[in-house]
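# Structure assessment
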Amino acid sequence: MSQSYDFVIIGAGAAGLAAAQYGARANMKTLVIEEMAPGGQALLIDTLENYPGITEPINGYDFSERMRAQAERFGSSFLDASVSKVRKENGHFVIETNVGTIESLTVLVATGAKHKHLGVPGEEEFIGKGVSYCATCDGPFFKGKRMLVVGGGDAAADEATYLSKLSDKIVMIHRRDRFRAQKALAQRVLSNPSIEVRFNTIAKEIRGDTKLRSVVLENVVKHEVIEEPFDAVFVFIGSTPQTGFLSDMGLQMDESGYIVTDCGMQTSIPGLFAAGDVRVTPFRQLITAAADGAIAAHSAANYIDEQRGQAYK
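Now for a quick tour of the structure. Only a predicted model underlies this, so the values are computations on that prediction, with no experimental measurement involved. (Residues numbered from 1 in each chain as written. Predicted model: local features only at pLDDT ≥ 70, side-chain atom pairs only at ≥ 80, totals over all residues. Heavy atoms only, no water.)

## Concerning the pattern of salt bridges
With the rule as written, the count across this model stands at 16 salt bridges. A salt bridge links K85 to D248; its shortest N-O distance comes to 3.8 Å. Of the two residues, K85 is situated in strand β4 (residues 83–89) and D248 in the loop between β16 (239–241) and β17 (272–274); the sequence distance between them amounts to 163 residues. We classify D248 as exposed; its relative accessible area is 62%. (Salt bridge = Lys/Arg side-chain N within 4 Å of Asp/Glu carboxyl O. Helix = DSSP H or I, 4+ residues; strand = E, 2+ residues; numbered from the N terminus. Buried < 20%, exposed > 50% of the residue type's maximum accessible area, 1.4 Å probe, protein only.)

## Details of the packing of aromatic side chains
On inspection of all chains with the given rule, the structure shows five aromatic pairs. For the pair F234 and F236, a centre-to-centre distance of 6.4 Å together with 10° between the ring planes defines the contact as stacked. Here the aromatic rings of F273 and Y303 are separated by 6.5 Å at their centres, their planes lie at 80°, and the arrangement is edge-to-face. One end of the pair, F273, is in strand β17; the other, Y303, is in helix α6 (residues 286–307), with 30 residues separating them in the sequence. Its relative accessible area of 9% is what places Y303 among the buried residues. One aromatic cluster in this structure is built from F142, F234 and F236. The side chain of R73 reaches across the aromatic face of F74, ending 5.8 Å from its centre. Between R146 and the ring centre of F230, over which it is positioned, the NZ or CZ distance is 4.6 Å. (Phe/Tyr/Trp six-rings, centres within 6.5 Å; stacked < 30°, edge-to-face > 60°. Lys NZ or Arg CZ within 6 Å of the ring centre and 35° of its normal.)

## Describing the sheet that holds strand β15 (residues 232–235)
In any sheet, the strands associate via hydrogen bonds between backbone groups, in a parallel or an antiparallel arrangement. As summarised here, the arrangement of the five strands in space is β8-β15-β9-β10-β11, forming an open sheet in which the pairing is parallel. The open sheet has two free edges, formed respectively by β8 (131–132) and β11 (195–198), since each of these has just one partner strand. Two elements, strand β9 (residues 147–150) and β15, share four bridges in a ladder whose sense is parallel. Within β15, the residue paired with M147 across the bridge is A232. (Pairing = 2+ DSSP bridges.)

Below, the structure is given as structure tokens:
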């Protein structure tokens, strides 16, 4: 026999953990399902210093543990499991997991998106030690330093422009002979004196000791290979939203697979919400994910009241 809840949250990143707190405080029977450790992408953060109210830097693990403990204190439950499928039937949702089936009146998808990696030697070893996938998060640690940006899309162009405000030693490489970013964004990069652009160039290897020291680059046209010193590498070659378990639901998504929501975080399916990096949003940060989660929990509570005819008029 399956267990039944008011509000089931799939994913325990910042969005899911914030939603868990607000869901429990709204007196909803709330469950958070997470297949790994609570925290999501925040677990990769070595020093978090730009979250409002955090006056002393904290690492991502400790920050996430505080959010989890807070949600539990308010009454949310947690389940270590992976979700294989979600379906809606007879006005409620059925969530299939590797440890059984769960039913809920509402569901929040907060599974986030995974940054695409280069897959080159040294990349994994130096994550948090010079390799980053978020310029806003980590750029300030490298003010005035020599930084490499990898990518040619809108995100890469935006992030390179941001980093150029922190240092005049930015090198941006792209594997093709022109950017795929919007023309206005691409032109902004090309005309920026603090950014040196190199087309037809790829990163072959990332090297260092206790921290990143250099990158091996190759010009794929001339087949020239050189090793250059860098203090940081920022990789922006795309992200993959974690939505595979929703493939049969017919959800409205954008061309990249991110879930479309309204301002209340509700998807195209009533009662199904999405928050954080998995949804279409112009800015992906811990603070915006947490805000999404709080809004989603509030909307879920209102949805349940409406279904019960208890909505406040």
